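Architecture at a glance
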Amino acid sequence: MIDNLVIPLLKILIVLNATLVGVTYMVLLERKVIAWAQSRLGPMRVGPYGILQPVADAIKLMIKEDITPVRADKWVFTAAPIISMVPALIVYAVIPFGDKARLFGRDITLYISDINVGLLYIVSVASVGVYGIILAGYSSNSKYPLLASLRASAQLISYEVAVTLTLVSVILVAGSLSMVQIVRAQESSHVWFLFVQPLAFAIFFIGGLAETNRAPFDMPEAEQELTGGFHTEYSGMRFALFFLAEYANMIVVSSVATTLFLGGWLRPFPNVAALGFLGFIPGWTWFLIKSFVFLYIFIWVRATLPRYRYDQLMRLGWKVLIPLAILNLVVTGIVKVLLL
Amino acid sequence: MATPALHHGAMFDTNELVLNMGPQHPSTHGVLRVVLRLDGEKVVDADVVIGYLHRGIEKLSENRNWTQIILLTDRMDYVAAATNNVGYCETVEKMMALEVPRRARYVRTILCELQRIASHCLWLGTHAMDIGAMTVFLYAFRERELILDLFEEFCGARLTYNSMRIGGLPLDLPPGWDKKVLEFCKIMDVKLGEYEELLTHNRIWLERTKGIGVLSAAQAVDLGLSGPPLRGSGVPRDIRKDEPYAAYAEMTFDVAIGTAGDTYDRYLVRLEEFRQSLRIIRQATEGIPEGPIVGKVPRLIKPPAGETYHAIESPKGELGYFIVSDGKSTNPYRFRVRPPSFCNLQGLRAMVKGHLVADVVALIGSLDVVLGEVDR
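Everything quoted here is computed from the prediction, not taken from an experiment.

**With respect to the packing of helix α4 (residues 102–130) of chain B against helix α11 (residues 263–286) of chain B**
All names here are of chain B.
- Closest axis-to-axis distance for the α4/α11 pair is 9 Å, and the angle between their directions is 155 degrees. As judged from the angle between their axes, α4 and α11 are roughly antiparallel. The two elements α4 and α11 meet at a crossing, and its hand is left-handed. Residues Y106, T109, I110, E113, L114, R116, I117, H120 and W123 of α4 form the contact with α11, whose participating residues are R270, E273, F274, S277, I280, I281, A284 and T285.
- A breakdown of the residues in the contact of α4 with α11 according to their chemical character gives 9 nonpolar, 4 polar and 4 charged.

**Describing the nonpolar core**
- Formed by 198 residues in total, the largest nonpolar core has its most connected members in A:L244, A:A248, B:L36, B:L348, B:V360 and B:L363.
- Per-element tally for this core: the top contributor is helix α10 (residues 236–261) of chain A, with 17 residues.
- In this structure, A:A248 is in contact with A:T19, A:V23, A:A88 and A:L89, ignoring residues within four places of it in sequence.
- Membership of the second largest hydrophobic core comes to 6 residues, among which are B:A256, B:Y264, B:Y267 and B:L268.

**Let's talk about α10(A)**
All names here are of chain A.
- Taking 1.5 Å per residue as the helical rise, α10 with its 26 residues ought to reach 38 Å, and the 38 Å between its terminal C-alpha atoms agrees with that figure.
- Most of α10 is tucked away, with 24 of its 26 residues classed as buried.
- Just past α10, the residue G263 takes up positive phi, approximately 75 degrees.

**Observations regarding the environment of A:A58**
Residue and element names in this part refer to chain A.
- Along the polypeptide, A58 turns up in helix α2 (residues 53–63).
- A residue is classified by how many C-beta atoms lie within 10 Å of it, and A58, with 16 of them, is partly exposed.
- Sequence separation of A58 and A240 is 182 residues, and the distance between their C-alpha atoms is 8.2 Å.

**Let's talk about the sheet that holds strand β8 (residues 334–338) of chain B**
Residues and elements named next belong to chain B.
- Ordered by their spatial adjacency, 3 strands build an open sheet running β6-β7-β8, and the pairing between neighbours is antiparallel. Each of the sheet's edge strands pairs with one partner strand only, and the pair in question is β6 (306–314) and β8. When the angles between neighbouring strand axes are averaged without regard to direction, this sheet yields 15 degrees.
- As paired elements, strand β7 (residues 317–325) and β8 share 5 bridges and run antiparallel to each other. Directly across from Y321, in β8, lies its bridge partner V337.
- Together, β6 and β7 form the strand contacts of helix α3 (residues 81–96), whose direction differs from that of β6 by roughly 150 degrees.
- Across the sheet, helix α12 (residues 340–352) lies against β6, β7 and β8, angled at about 130 degrees from β7, the strand it touches most.

So, how was this worked out
Residues numbered from 1 in each chain as written. Chains lettered and ligands numbered in written order. Predicted model: local features only at pLDDT ≥ 70, side-chain atom pairs only at ≥ 80, totals over all residues. Axes fitted to C-alpha atoms, helices over the stretch in contact; angles between N-to-C directions. Helix = DSSP H or I, 4+ residues; strand = E, 2+ residues; numbered from the N terminus. Parallel < 35°, antiparallel > 145°, perpendicular 65-115°, else oblique. Left-handed = near helix turned anticlockwise from the far one by under 90°. Contact = placed C-beta atoms within 7 Å. Nonpolar A, V, L, I, M, F, W, Y, C, P; charged D, E, K, R; others polar. Core = buried A, V, L, I, M, F, W, Y, C linked by C-beta atoms within 7 Å. Buried ≥ 20, exposed ≤ 12 C-beta atoms within 10 Å, placed from the backbone. Expected span 1.5 Å × (residues − 1). Pairing = 2+ DSSP bridges.

Purely spatial values, then, with no claim about function.
This is the structure:
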């Protein structure tokens, strides 16, 4: 009873809340980091150094008037933010934040579940999220959102294939689809997959930027072109859901990248015995640090780069990323066969 | 407005999408309205609608005396008010055949070039922002702030300066001002490198600007473009060189021209203008002569009957004033401005055809229009 119900429920509760709080503070972090990059201060008014800004934002968004345009497709318009938000949250079910912890005399695994198709689950659930954007643009019955949803669908097919192909090459190396097993494979091979699959990592990272609609691939929102894109007609909490989904997706992509390429909860250089003292820092801390590095790079990229045009992203996806991913996969396969 | 035309595609009948961009849109630089006819995201045609910022400055000026008009010219190209002042004052001086003291002409040159840098900073920031590079925007505004501080010290205002008088200047330079200007030149030299680092060789920037909105030299001349959009197409026309005013005849500087006539070349031309402006400011500040700041101006300004056209090179292009005086009243009979933004905006329609929506904002930015000047 306790093992099957109470503990998983508690874990879900903790992960959900931690994610949502993390997401709101992610927004603050982004504003702060970009402000520093641009020689500004960022939010400074709400609480010391603006640390209560997310609270103020949340309250503001919740008490704002929630407008549905008269000519919008009401059901789809309401469903779209939910379709966007839910996949972003349920992906966390298979992300291993750490190995095990001993708490109150029980061994508790630091992941909600370890299913044997973990990676496949992530890929399939994450791509559902894009439907939220496409449907939002379609149901708003407005021209800018419509263009944004066209862009989102074009973008989806351009990067998803390449990203999935890189995941296949990781699976080949790890020999498993389970997220926990992938980390264990990095433990037993004594090397992070970043060094085994550098090309896959690069493609995954670029694809991850596109998947989360982040600069330089933020075409579906492109404030300067489409006045906010798919969420132009949204306000209040429904807009907030889209906003949160974007940041939740960023955390997902960082977590997946950490798990697949940076050894998840493993300490750096797991094969160097001299660095054994690093093992005293619990695994989940390493996981958070590594994910944070990714999130920081996400923000950094946004502060630095101009935006691609969507036909250029498609060209990049189809003519560069996908051939490279296939090449990487083939080479990985051949090496794997030869080494066995 | 054009009605959506039916397109007969290979499989389906598809409608053109009419997209109204502006007057409330984040990248139309004020209240420009562009009605786009789209095929997918491809622009089939564009209709530029202006007039949302019309304040009747030309007509107003016909009911103000000659000195009061200086204040109205501030409100045209409000990001480059000093050049507007200079253009107007020189036109009146030309009508009255007034001699402007050399010191005043030097100060005008410095102010004009500072203004050019400030205006280009604003252009660079917003242009980069439109293409998605948000950091450049704040960097450019940081340096623009320094110029505004210099202007504030000179005349007390930060945006609409009213900083000229017919026949000279209202005030002499504050003590130590020239040192601050040279100090600013030093800072700007370094910061220009920062902008270039972020953009000039950035792959995405190159992809977004190269080959976008190409205008040949002949096309640019036909459309009546002036300033950086014209020079970007390779026409070496710069009024500062061709018909020198203020103290430009005594300055050495180069006119930057492009070759390809695309958005990237217009960007490079303006960046080079930053450097040339700094060069001019250095020369003018170091060689500034002593002497009076106002020439012999009659108490009542009443130009003789006749009409005059005088143009200067504003940051945006050829800023010309055509003024008719009847010789009797203390206000102009007809006051007409040739604003560079208005004429350059003509180029937009020719440039956007066949490009994507994302390029439209890049091209509006590349023309560097200020709506206050387009509509007056």
